[in-house]
Amino acid sequence: MGAVAGRPEQVVRRLRDGMAHGVLSFPLTSFRADGSLDEDGFRAYVAGQLAAGPGALFPACGTGEFFSLDEEEYRQVVTAAVEEAGGRVPVVAGVGYGWAQAVRFARVAEEAGADALLVLPHYLVAAPQDGLVAQVEAIAGRTELPLVVYQRGQVAYTAGSLARIARIPGVIGLKDGHSDLDRLQRLTLAAPDGFLFFNGAATAEIQARAYATVGVPAYSSAVHAFAPEIADAFFAALQDGDQGTVDKLLRDFYVPFVELRDRAPGYAVSLVKAAARLRGLPVGPVRAPLTDPSAADLADLGALLDAGLGLVGASR
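As the structure is a computational prediction, the values presented were derived from the model and not from experiment.

A. Structural detail: helix H12 (residues 295-311). Its 17 residues give H12 an end-to-end C-alpha distance of 25 Å, which sits within 8% of 24 Å, the value for a rise of 1.5 Å per residue. Along H12, the positions that sit buried rather than exposed are Asp297, Leu301, Gly302, Leu304, Leu305, Gly308 and Leu309. Packing partners of the buried residues in H12 comprise helix H9 (228-240), helix H10 (243-261) and helix H11 (267-278). Of the residues trailing H12, Gly313 is marked for its positive phi of about 75°.

B. Fine view of unusual backbone geometry. Note the cis peptide between Ala288 and Pro289, where omega equals 15°. Although it is not a glycine, Glu65 sits at a positive phi angle of roughly 55°. Relative to the assigned elements, Glu65 resides in the loop between strand S2 (56-57) and helix H3 (71-85). We note that Leu124 has phi near 70°; this positive angle belongs to a residue other than glycine. Structurally, Leu124 is set in the loop between strand S4 (116-119) and helix H5 (129-140).

C. How the structure looks around the packing of aromatic side chains. If you walk through the whole model with that rule in mind, you get 14 aromatic pairs. Seen from their ring centres, Phe26 and Phe58 are 4.4 Å apart, and the 15° between their planes marks the pair as stacked. One end of the pair, Phe26, is in the loop between strand S1 (24-25) and helix H2 (39-51); the other, Phe58, is in the loop between S2 and H3, with 32 residues separating them in the sequence. In this pair, the class of Phe26 matches that of Phe58, namely buried.

D. Quick peek at the pattern of salt bridges. Tallied over the full model, the rule gives 19 salt bridges. Arg75 serves as the salt-bridge partner of Glu111, at 2.7 Å between the closest nitrogen and oxygen. In this pair, Glu111 sits in helix H4 (residues 99-112) while Arg75 sits in helix H3, placing the two residues 36 residues apart along the sequence. By relative accessible area, Arg75 is classed as partly exposed at 28%.

E. Quick peek at the side chain of Ser25. Counting through the fold element by element, Ser25 comes out in strand S1. Of the polar contacts made by the side chain of Ser25, one reaches the side chain of Gln49; its length is 2.7 Å.

F. Expanded view of the sheet that holds strand S7 (residues 196-199). The strand order across the open sheet built from five strands is S3-S4-S5-S6-S7, with neighbouring strands paired in parallel fashion. The open sheet terminates on both sides in strands that have one partner only, identified here as strand S3 (92-95) and S7. Shown here is a sheet whose adjacent strand axes are inclined to one another by a mean of 25°, direction ignored. Together, S3 and S4 form the strand contacts of H4, whose direction differs from that of S3 by roughly 155°. Each of strand S5 (147-151), strand S6 (171-176) and S7 touches helix H7 (residues 181-190); the most contacted strand, S7, lies at about 165° to it.

G. Structural detail: the packing of helix H6 (residues 159-166) against H7. The interhelical angle for the contact between H6 and H7, taken along N-to-C directions, is 40°, at an axis separation of 9 Å. At the point where H6 passes H7, the crossing takes the right-handed sense. Packed against H6, whose contacting residues are Ala159, Leu162 and Ala163, the element H7 presents Arg186, Leu187 and Ala190 at the interface. Looking at the contact of H6 with H7 residue by residue, the class counts come to five nonpolar, no polar and one charged.

H. Layout of the packing of H5 against H6. Remark: H5 packs on H6, axes separated minimally by 10 Å, with the N-to-C direction vectors making an angle of 20°. What the angle tells us is that H5 and H6 run roughly parallel. Here H5 runs over H6; the crossing is right-handed. In this structure, H5 uses Gln129, Asp130, Val133 and Val136 to contact H6, whose residues at the interface are Ser161, Arg164 and Ile165. Taken together, the residues of the contact of H5 with H6 sort by class into three nonpolar, two polar and two charged.

I. Layout of H3. End to end, H3 covers 21 Å across 15 residues, agreeing with the expected 21 Å (1.5 Å per residue, within 8%). Residues Glu73, Tyr74, Val77, Val78, Ala80, Ala81, Val82 and Ala85 constitute the buried set of H3. Residues of H3 that are buried in the fold lie against H2, S2, S3 and H4. Backbone nitrogen of Glu72 and a side-chain oxygen of the N-cap are separated by 3.1 Å at the start of H3; the cap is Asp70. Of the residues flanking the end of H3, it is Gly86, one or two places downstream, whose phi is positive at about 55°.

Definitions and cut-offs
- Residues numbered from 1 in each chain as written.
- Predicted model: local features only at pLDDT ≥ 70, side-chain atom pairs only at ≥ 80, totals over all residues.
- Heavy atoms only, no water.
- Helix = DSSP H or I, 4+ residues; strand = E, 2+ residues; numbered from the N terminus.
- Expected span 1.5 Å × (residues − 1).
- Buried < 20%, exposed > 50% of the residue type's maximum accessible area, 1.4 Å probe, protein only.
- Contact = heavy atoms within 4.5 Å.
- Phe/Tyr/Trp six-rings, centres within 6.5 Å; stacked < 30°, edge-to-face > 60°.
- Salt bridge = Lys/Arg side-chain N within 4 Å of Asp/Glu carboxyl O.
- Polar contact = N/O pair within 3.5 Å; in protein donor to acceptor, adjacent residues only side chain to side chain.
- Pairing = 2+ DSSP bridges.
- Axes fitted to C-alpha atoms, helices over the stretch in contact; angles between N-to-C directions.
- Left-handed = near helix turned anticlockwise from the far one by under 90°.
- Nonpolar A, V, L, I, M, F, W, Y, C, P; charged D, E, K, R; others polar.
- Parallel < 35°, antiparallel > 145°, perpendicular 65-115°, else oblique.

Laid out in structure tokens, this is it:
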């Protein structure tokens, strides 16, 4: 089918404008204590995320536990995000697994009113570059929505592959999670003018300055999911060239947060969700195979959260 005429350009303009004025929000998905989806809690949580003024909203992606959602839950999550956003910011929904399943989710996202899709790394197997390109071609040819591709894990594009992907109708950008600046610089040089790039490292602020040096200043923020006050203060300092504030936030909050995050597999999501719960946000627990943090790690997280909020004049 290809993308609707003119739609990719409109989405690119909106995303570029949003990325210049705020971090990208990847909202958590709310579950009840029994593991069921809490749509009311999710709507309330997303409303809070939107009130903080992100550049765009990316529901049902990695931070939103896409891998734990069935198709109907995915529909509820994306629909709720679109309705809560009300056109104020672009809504980019995650899709993934193999291309056939990704297309099923893409159709749901279309029906729900999403503006674009983030193509998450495919499931399990390593693949050659021709296969990575074919995967994107298969999805793009079966959806009306523009695509942002995500390289992380077993997906890492060469400059030649990225140039091919960028020529596929409807493909508008790339999210990078590898933090290989040599490779990323080659990709930015191989891409056409107007192609979008953003930093999608697990705690993107740590490397935000480095990414900016290769022409990729925009980034997603996991911290925004639980402490938009901290994320927004860092973004503003970075934009203003206030290196003292950037260094202080990195040294006293972000680096300790990453050290805590690295204590256990899955903490890139479950620690973020625990921090949101500490602030009284209605996100609930994580779903298996993730596990919630230990009591000791939760205590350390609470102390760090209080310290980080104090740095920017906020509190729980």
